[in-house]
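So you can see what is in the structure, the chains are spelled out below.
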Amino acid sequence: MVLKLYHYPLSSPSRGAFMSIKAVDVPVEIIHIDLLKKEQFSESFVKVNPQHCIPTIDDDGFVLWESKAIACYLAEKHERNDLYPMNLKHRALVNQRMYYDSSMLYPRIRAINYPILFQGVKEIKKPLIDDLNNQLGFLNQYLNESKWVAGDQMTLADIAIAASISTLAAIDWDFTDFPNINRWFKTCESIPGFAENKEGARVFGNAVKKNLEQ
């Protein structure tokens, strides 16, 4: 059976899973689940994933969700050691960068965008801006001495963080103080599936910007 991805292109984690699948280079059937229409609560999808979250994969009956878990599983299954290194310390570094995205970077991006989209917030408060920029400072530091976020080759960590940064770029975030991020993000254009990721981020960003302007 072909791998199935339950996917919503506006979702940063879902775009991360999509790019990981493209990077691993396995055939995939995309099943769109529109979160804004609450399709994740449909009876058919809840049967697949009782937690009803996106992204979710079905790999010949093996169902898995959470974007980083999906990425790691597929890279290991298909022996893509370039994306998820076998070397213990290098893999630990890749994991740390992915955990940084999950626990530090993406939650702060979400804390800015979701109130604008769903709670009628009309401005981004300075403490939220400062908090996010503080985290971007760490990412900029990671990139001081390497081409990619966890060394000199692209890994799953770059894919995960690229999805998050694409969302920020789509809301016209100011990266002036983060030259390493600017340099790295241009390099990310070589990630398989990056163009589709960028388009999903653009649609999401336009919705955020429209709500800010109203």
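Residues numbered from 1 in each chain as written. Predicted model: local features only at pLDDT ≥ 70, side-chain atom pairs only at ≥ 80, totals over all residues. Heavy atoms only, no water.

Where we set the bar: UniProt positions are given in the numbering used here, feature names are shortened, and annotations may be inferred rather than shown by experiment.
Where an unreviewed UniProt entry is consulted, the chain appears under the name Glutathione S-transferase, with the organism given as Pieris macdunnoughi. Under the UniProt heading Sequence similarities (unreviewed entry), the entry covering the chain gives this text: "Belongs to the GST superfamily." Here the chain is described in UniProt, under the heading Subunit (unreviewed entry), as follows: "Homodimer."

A few points about the domain arrangement of the chain
Rule in force here: Those domain boundaries reflect an automatic or database domain assignment. Buried area is calculated as the accessible area (1.4 Å probe) missing from two parts once they are joined, with the contributions of both summed. Think of a salt bridge as a Lys or Arg side-chain nitrogen and an Asp or Glu carboxyl oxygen that are within 4 Å of each other. Nitrogen and oxygen atoms within 3.5 Å of one another constitute a polar contact, given that in protein one can donate a hydrogen and the other can accept it, and given that sequence-neighbouring residues count only through two side-chain atoms. A run of DSSP states H or I qualifies as a helix once it reaches four residues; a run of E qualifies as a strand once it reaches two. Both are numbered from the N-terminal end. Residues are grouped as follows: nonpolar covers Ala, Val, Leu, Ile, Met, Phe, Trp, Tyr, Cys and Pro; charged covers Asp, Glu, Lys and Arg; every other residue, Gly included, is treated as polar.
We note that the domain assignment places domain 1 (4-78) and domain 2 (88-211) within the chain. Using C-alpha coordinates to define each centre, domain 1 is positioned 20 Å away from domain 2. When the buried surface of domain 1 facing domain 2 is broken down by residue, Arg15, Met19 and Lys68 rank first, second and third, together holding 39% of it. With a closest N to O distance of 2.8 Å, Glu76 and Arg91 form a salt bridge. Between the two partners, domain 1 and domain 2, sit eight residue pairs in polar contact (both at pLDDT 80 or more). Elements with a minimum of two residues in the side of domain 1 that touches domain 2: helix H1 (12-24) and helix H3 (67-77). Ranked by residue count, the leading element in the side of domain 1 that touches domain 2 is H1, at nine residues. In terms of residue class, the side of domain 1 that touches domain 2 is built from ten nonpolar, three polar and four charged.

Brief notes about the nonpolar core
Which entries qualify depends on this criterion: For our purposes a nonpolar core is just a set of buried Ala, Val, Leu, Ile, Met, Phe, Trp, Tyr and Cys residues, chained together by side-chain atoms within 4.5 Å. Accessible area is worked out with a 1.4 Å probe on protein chains only. A residue is then buried under 20% of its type maximum, exposed over 50%, and partly exposed in between. Residue contacts are defined here by distance: any two heavy atoms, one from each residue, within 4.5 Å place the two residues in contact.
Counting residues in hydrophobic clusters, the biggest one holds 60 residues, and the most contacted among them are Leu136, Leu139, Leu156, Ile165, Leu168, Ile181 and Trp184. Broken down by element, the residue count for this core peaks at eight residues, all from helix H6 (residues 156-170). Both domains that meet at this core, namely domain 1 (4-78) and domain 2 (88-211), each give it at least three residues. Residues within four places of Leu139 in sequence aside, it is in contact with Tyr100, Val149, Ile161, Ile165 and Ile181.

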